[in-house]
Amino acid sequence: MTMRTHVTLAAIAGTAAALAIAMQARAGGDKVAFPADYAQGVLFTTVDRTDNKQFREFFGSAAALDAAKKGQPLPSGTVLTMVQYAAKLDAQGNPEKDANGRFIKTNIIGYAVMEKRTGWGTEYPDNVRNGEWEYQAFKADKTPNTAANLTACFNCHKPLDKQDFVFSYDKLKTSAK
C-alpha cells in the first residue's frame, strides 16, 4: 500500500470513529413529544423518593399493562410517563406524610418520558442501545428540558434488558387497570 492509501484509510477510520462517538454522545430525545394525554392512561404506581424529596407518579397505557401481565415486551407505541412532584416539607425541611405514611405532593417539578417505537434505537451502539426505547425529560411547563442528561437514562436502564429496560416492569405486571 502506498502512503497516500494509508492516509486515506486513516482519515476514513477517524471520521467513522468521530461519527460513532457523536452518535453515542447525542442520545437525543428529539423523537419523543410531550404526551399530553398521559393522565388518561393508567396510574400504575407511585414512589416516594427520600433522596430528592419527591413524590412520583407513573402512567402507562392499558396495552403496556396487558403485555407486562403476560410477561411480554411492551408493545411499540408504549409511552411511560413519570410525573415528578416536590414533596410538602415541614419546618425542618423533611417531607410531610399523609395518613398512609406517604409523601404529600405539591407542585409538579418535571416529567420524564420513555417511548418505544419499532425501529428506534438503531443509531446507537450496542453498549448504549435500550432496545427501541428513547427518553426525554420535560420541565414543569411541558417543554423539553435541554439541560437533562439523557445519556444517563440509557446507561441506567441498560442493565434491565430482561424486563424490556423498564424499572417499573413488575409494577406494570401487578397493577390493576
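Residues numbered from 1 in each chain as written. Predicted model: local features only at pLDDT ≥ 70, side-chain atom pairs only at ≥ 80, totals over all residues. Heavy atoms only, no water.

## Remarks on the overall build of the protein chain
- When you go through the protein chain residue by residue, the secondary structure sums to four helices and five strands.
- Scanning the protein chain from its N terminus toward the C terminus, one meets helices and strands in the order α-β-β-α-β-β-β-α-α.
- Within the span of the protein chain, comprising 177 residues, buried residues form 35% of the whole.
- Once local pairs closer than 6 in sequence are excluded, the contacts in the protein chain between residues at least 24 apart make up 59%.
- Working note: accessible area of the protein chain is about 10000 Å², and carbon and sulfur atoms make up 56% of it. (Helix = DSSP H or I, 4+ residues; strand = E, 2+ residues; numbered from the N terminus. Buried < 20%, exposed > 50% of the residue type's maximum accessible area, 1.4 Å probe, protein only. Contact = heavy atoms within 4.5 Å. Areas by Shrake-Rupley, 256 points an atom, 1.4 Å probe, with all protein chains shown as cover.)

## Comments concerning the confidence of the model for the protein chain
- Scored by pLDDT, the protein chain comes out at a mean of 88, with 84% of its residues at no less than 70.
- Across residues 5-26, where pLDDT falls below 50, the model places nine contacts with residues more than four positions away in sequence or in other chains. (pLDDT = per-residue confidence, 0-100.)

## Quick notes on helix α2 (residues 62-69)
- Of all the positions in α2, only Ala64, Leu65, Ala67 and Ala68 are classed as buried. Looking straight down α2, one finds its buried side chains confined to an arc of 165°; they lie on one side.
- The secondary structure elements touched by the buried residues of α2 are β1 (42-49), β2 (54-60) and α4 (169-174).
- Gly71 occupies a position one or two residues after α2 and carries a positive phi of about 75°. (Arc of directions from axis to C-beta.)

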